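So you can see what is in the structure, the chains are spelled out below.
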Amino acid sequence: MKFTKMHGLGNDYVYVNCFEEKAENPSKLAVWISDRHFGVGSDGLILIKPSKCADFEMEMYNADGSRGEMCGNGIRCVAKYVYDKGLTDKEHISIDTLAGVKYLDLTIENGEVSLVRVDMGTPEFAPKKIPVRSEKENMIRQKLIAGGREYQVTCVSMGNPHCVVFLDEDVRELDLAEIGPAFEHHLSFPERINTEFINVIDKKTLRMRVWERGSGETLACGTGACASAVAAVVNGRTEEEVTVKLLGGDLKIHYDREKNTVYMTGPAAIVFDGEI
């Protein structure tokens, strides 16, 4: 089976072109191929497949083999793959995901994709749609006790569930390996949760670290950056357009509150091609 390893700001996945290849038991394959000692090494597996309702379909698996609804960094890499590898010559494409069809605008330089802007759709705040076990109308500025400590959190779905935590302490100093699992496996989150720990640098800039369900800490998370920007806007902490600074680099996020739509712009890169 041929594959391509790609990353968006260090959030790396193994990609398989299912127009030409067949990935047997993708959940089991994701676990093996993601192992950084005995496999290829990645945050998960993404299959690029034909779609009946869009130009392409993205089927995503986390490093533990669980299915993921959506990945912002991953979908940008799919866009780069299908253009750079000649599966399409369109600069505006649609990709079907478990979180719905997403629409992407490609920036082309020297015949290759350099940046991708993704219409990430509408954020959801209702607990049942995230999902979160709560009787409240929304999960904006709500108290949550995790790991024996009380936090104020804002939960948002960007097609997958996110819990955003604004902190005064420097997020670069956090022991995420200890804190992250307390959120991921919290009883309030029936499908587990992705957790973003945020410093507000100024009205246009956020610093973020992320603990992703099924993968642990990653260098970047596109949907997490979107959720964090949305949470910052609804909490009155930033303007609608922000730069989110992640361990792997920066993403530009625009939460158009009037349209209630989120746009993400960032790079994608091919690391290498291989065969197993």
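Structure first, text after, so check above.
Residues numbered from 1 in each chain as written. Predicted model: local features only at pLDDT ≥ 70, side-chain atom pairs only at ≥ 80, totals over all residues. Heavy atoms only, no water.

Caption draft 1: Looking closely at the environment of Asp250. In this structure, Asp250 sits in strand 16 (residues 249-256). Looking at Asp250, the relative accessible area reads 37%, which means it is partly exposed. Spatially, the C-alpha atoms of Asp250 and Ala220 are 8.8 Å apart, while their sequence positions differ by 30 residues. Apart from the residues lying within four places of it in its own chain, the contact partners of Asp250 are Leu9, Thr243, Val244, Lys245 and Pro267. Engagement of the side chain of Asp250 in a polar contact is seen with the side chain of Lys245, the distance being 3.2 Å. (Helix = DSSP H or I, 4+ residues; strand = E, 2+ residues; numbered from the N terminus. Buried < 20%, exposed > 50% of the residue type's maximum accessible area, 1.4 Å probe, protein only. Contact = heavy atoms within 4.5 Å. Polar contact = N/O pair within 3.5 Å; in protein donor to acceptor, adjacent residues only side chain to side chain.)

Caption draft 2: Quick look at a negative patch on the surface. A cluster of acidic residues, Asp202, Glu239, Glu240, Glu241 and Glu258, forms a negative patch at the surface. Inspection of the secondary structure puts Glu258 in the loop between strand 16 and strand 17 (261-266). (Patch = residues over 30% accessible without salt bridge, like charges linked within 9 Å, V, L, I, M, F, W, Y side chains within 5 Å. Areas by Shrake-Rupley, 256 points an atom, 1.4 Å probe, with all protein chains shown as cover. Salt bridge = Lys/Arg side-chain N within 4 Å of Asp/Glu carboxyl O. Lys, Arg positive; Asp, Glu negative; His and termini not counted. Charge placed at Lys NZ, Arg CZ, Asp CG, Glu CD.)

Caption draft 3: Representation of helix 1 (residues 26-34). When helix 1 is considered as a whole, its buried residues turn out to be Pro26, Leu29, Ala30, Ile33 and Ser34. Projected onto a plane normal to the axis of helix 1, the buried residues spread over an arc of 115° and lie on a single side. Of the surrounding secondary structure, the elements contacted by the buried residues of helix 1 are strand 2 (11-17), strand 3 (44-49) and strand 4 (56-62). (Arc of directions from axis to C-beta.)

Caption draft 4: Examining the side chain of Asn194 more closely. Checked against the element boundaries, Asn194 lands in strand 12 (residues 194-202). Not counting the four nearest positions on each side in its chain, Asn194 is found in contact with Asn160, Pro161, His162, Cys163, Trp211, Glu212 and Arg213.

Caption draft 5: Main features of unusual backbone geometry. A cis geometry characterises the amide bond from Ile130 onward to Pro131, with omega recorded as -5°. Tracing the sequence through the fold places Pro131 in the loop between strand 8 (112-121) and strand 9 (142-146). The backbone of Asn25 shows a phi angle near 45°, a positive value even though the residue is not glycine. Checked against the element boundaries, Asn25 lands in the loop between strand 2 and helix 1. For Arg141, which is not glycine, the phi torsion reads 55° and is therefore positive. Summarising the element assignment, Arg141 is placed in the loop between strand 8 and strand 9.

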